[in-house]
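# Chain and residue survey
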Amino acid sequence: MTTEFTSLNLRDEIMRAITELGYSTPTPIQAALIPIMLTGADVIGQAQTGTGKTAAFALPLLQNFQPQKQPQALILAPTRELALQVADSMSEYGKHLRVRVLAVYGGQPYGPQIGSLKRGVDVVVGTPGRLNDLLERKVLDLTGIKTVVLDEADEMLNMGFIEDVEKILGMTPAERQTALFSATMPPRIRALANRFMRDPQSVLIKRTALTALAIEQRYYLVHESDKTSALTRLFEIEPIKSALIFARTRAETATLANELVVRGIPAEAIHGDLDQNARERVLGRFRSNQLKVLVATDVAARGLDIDDISHVFNYHLPDDAEVYIHRIGRTGRAGKTGVAITL
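Residues numbered from 1 in each chain as written. Predicted model: local features only at pLDDT ≥ 70, side-chain atom pairs only at ≥ 80, totals over all residues. Heavy atoms only, no water.

On to the environment of Arg 98. Structurally, Arg 98 can be placed in the loop between α4 (80-93) and β3 (101-104). Distance in space between the C-alpha atoms of Arg 98 and Ala 87 is 14 Å, their sequence separation being 11 residues. (Helix = DSSP H or I, 4+ residues; strand = E, 2+ residues; numbered from the N terminus.)

Structure below.
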C-alpha cells in the first residue's frame, strides 16, 4: 500500500513547499520514518544515500518548528558537501515557515558563521570539527536543541570524528529526540546509539538493487609491496576505458595516483581535502576522458555520478560487505557491463 504525503498530516506550509518541488508519494524511508519522528521517538534509519533520507528527518523537524531564540535542531554531517546539501534541502522544505538554516564547516572563515549565530538561527547543520570549534568559542548555544540528527554516522566514524560527535551530543539537553542514519552499523556506531539514544526504533531500508549481475568480479592475491606493479600490469592487459580505484586513506590516494602517473597512467586523486572547485575540475577531466583513472576514498566517492566507468579496482578491501557492493556498483551501470578487480 502506498502512502501519500497528504496522509501524514503535515503543516500547510510544508505541504506547499513539497508540492512545489513535485513530491507526492514518500519514498519507503520517508513513509516509515516520518510518522515515528512525529511522535518524538528516537529512531535509527539504516539506508544508503539516494533513498530520500534528508526529507525523512527534515519534514518532522519542520513540523515541530516553533520560533525560539536559540537553535532548536542540530544536524551533524561528515563532509561539507553533505552539510551544504542538507542545509539547502532544509531551507527549501521550510521556506514558507521562514526557517533560518545555517551550514557550518571547516575551511571557511569563522566571521560570517559567528555573525549568523549571533543574529539567530533555527537549524544548524555542520561537520563535527567546526561545530566543536564553535562550541569551544562559546558562540554556539545548544541548550534549546529539541532534535539532533546524525547523518551518515558510519562515515563520521571512518573519518575519525566520533569523539567530536560524542562531545557534541554530551552538550545537548538530555530530553532531546535523536535520529541516527547510517548505511552500515559497525560496533562503534551501535555503542554510540546505546549510550545516547532512548529505546530507538529501527527502520531498515533494503537496497533494492544489490544485484551485481552485469559486473564481472575477480580477485588477485598479491603481496602488499607488489600491488602497484600488479595494478600497472593489469592496466597493460585489460581493456580499460576509465577506472575508479579505491584506497583506504587520503594519503594513500595521493601516493598511488603519483605512482601511476610516474608509470605513464594519467591518474588523479580525489579525497576529502579537495575543495569543491578542485573536485569539480578533476571530475570534469575524468568525464571528458582527459583523465583515465580516479583514485578515491569511500568518502570522496559519495555522490560521484559517472555512468561509464569500465573498471573498479579495490586496492584494499573495505571492512564491510555493503561498502564493497557500493564500490563495485560504480561500474556496470546504465545497461553496460563492468569489471571489478580486488587486489
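What follows concerns the sheet that holds β3. In space, the seven strands of this open sheet follow the order β3-β4-β2-β5-β6-β1-β7, with parallel pairing throughout. Each having just a single partner strand, β3 and β7 (201-204) make up the two edges of the open sheet. Averaged over all pairs of adjacent strands, the angle between their axes in this sheet comes to 15°, without regard to strand direction. In terms of strand pairing, β3 meets strand β4 (residues 123-126) through four bridges, oriented parallel. The residue bridging Ala 103 from the neighbouring strand is Val 125, located in β4. Its contacts with the sheet place α4 against β2 (73-76), β3 and β4, and it is angled at close to 175° to β3. (Pairing = 2+ DSSP bridges. Axes fitted to C-alpha atoms, helices over the stretch in contact; angles between N-to-C directions. Contact = heavy atoms within 4.5 Å.)

Regarding helix α6 (residues 128-136), the residues found buried are Pro 128, Arg 130, Leu 131, Asn 132, Leu 134 and Leu 135. Elements in contact with the buried residues of α6: β2, β3, α5 (110-119), β4, α7 (153-158) and α8 (162-170). Immediately downstream of α6, the backbone of Lys 138 shows phi near 60°, a positive value. (Buried < 20%, exposed > 50% of the residue type's maximum accessible area, 1.4 Å probe, protein only.)

It is worth spelling out unusual backbone geometry at this point. Although it is not a glycine, Lys 138 sits at a positive phi angle of roughly 60°. Along the chain, Lys 138 falls in the loop between α6 and β5 (147-150). Take Lys 138: its relative accessible area is 73%, and that puts it in the exposed class. Positive phi values are uncommon outside glycine, yet Asp 199 reaches one of about 40°. Tracing the backbone through its elements, the reader meets Asp 199 in the loop between α9 (187-196) and β7.

According to the stated counting rule, one finds four aromatic pairs in the structure shown. A ring pair is formed by Phe 57 and Phe 181, whose centres lie 5.3 Å apart and whose planes are at 50°; its orientation type is tilted. Highlighted residues: Phe 57 in helix α3 (residues 53-63) and Phe 181 in strand β6 (residues 177-181), separated in sequence by 124 residues. For the pair Phe 235 and Phe 313, a centre-to-centre distance of 5.4 Å together with 20° between the ring planes defines the contact as stacked. With Phe 235 in helix α10 (residues 227-237) and Phe 313 in strand β12 (residues 311-314), this residue pair connects regions lying 78 residues apart in the sequence. (Phe/Tyr/Trp six-rings, centres within 6.5 Å; stacked < 30°, edge-to-face > 60°.)

Attention shifts here to the packing of α6 against α8. Where α6 meets α8, the closest approach of the two axes is 9 Å, and the angle between their N-to-C directions is 45°. By the criterion of interaxial angle, the relationship of α6 to α8 is oblique. Seen from above, α6 lies across α8 with left-handed handedness. Within the contact between the two elements, α6 uses Pro 128, Gly 129, Leu 131, Asn 132, Leu 135 and Glu 136 and α8 uses Asp 164, Val 165, Lys 167 and Ile 168. In terms of residue class, the contact of α6 with α8 is built from five nonpolar, two polar and three charged. (Parallel < 35°, antiparallel > 145°, perpendicular 65-115°, else oblique. Left-handed = near helix turned anticlockwise from the far one by under 90°. Nonpolar A, V, L, I, M, F, W, Y, C, P; charged D, E, K, R; others polar.)

This part covers the nonpolar core. The tendency in soluble globular proteins is for nonpolar side chains to be buried side by side. Ranked by size, the top nonpolar core spans 42 residues in total, and within it Phe 5, Leu 10, Leu 33, Phe 57, Leu 59 and Ile 75 carry the most contacts. Of all the secondary-structure elements, those providing two or more residues to this core are α1 (12-20), α2 (28-38), α3, β2, α4, β4 and β6. With seven residues, the single largest contributor to this core is α3. Residues in contact with Leu 33, not counting those within four places in the same chain, are Val 43, Gly 45, Ala 56, Phe 181 and Val 203. Counting residues in hydrophobic clusters, the runner-up holds 31 residues, among them Leu 131, Leu 142, Ile 162 and Val 165. (Core = buried A, V, L, I, M, F, W, Y, C linked by side-chain atoms within 4.5 Å.)

This paragraph deals with the pairing of strand β1 (residues 43-46). With three bridges joining them, β1 and β6 adopt parallel strand pairing. Pairing of Gly 45 across the sheet is with Phe 181, part of β6. With four bridges connecting them, β1 and β7 associate as parallel partners. Of the residues in β7, the one forming a bridge with Gly 45 is Val 203.

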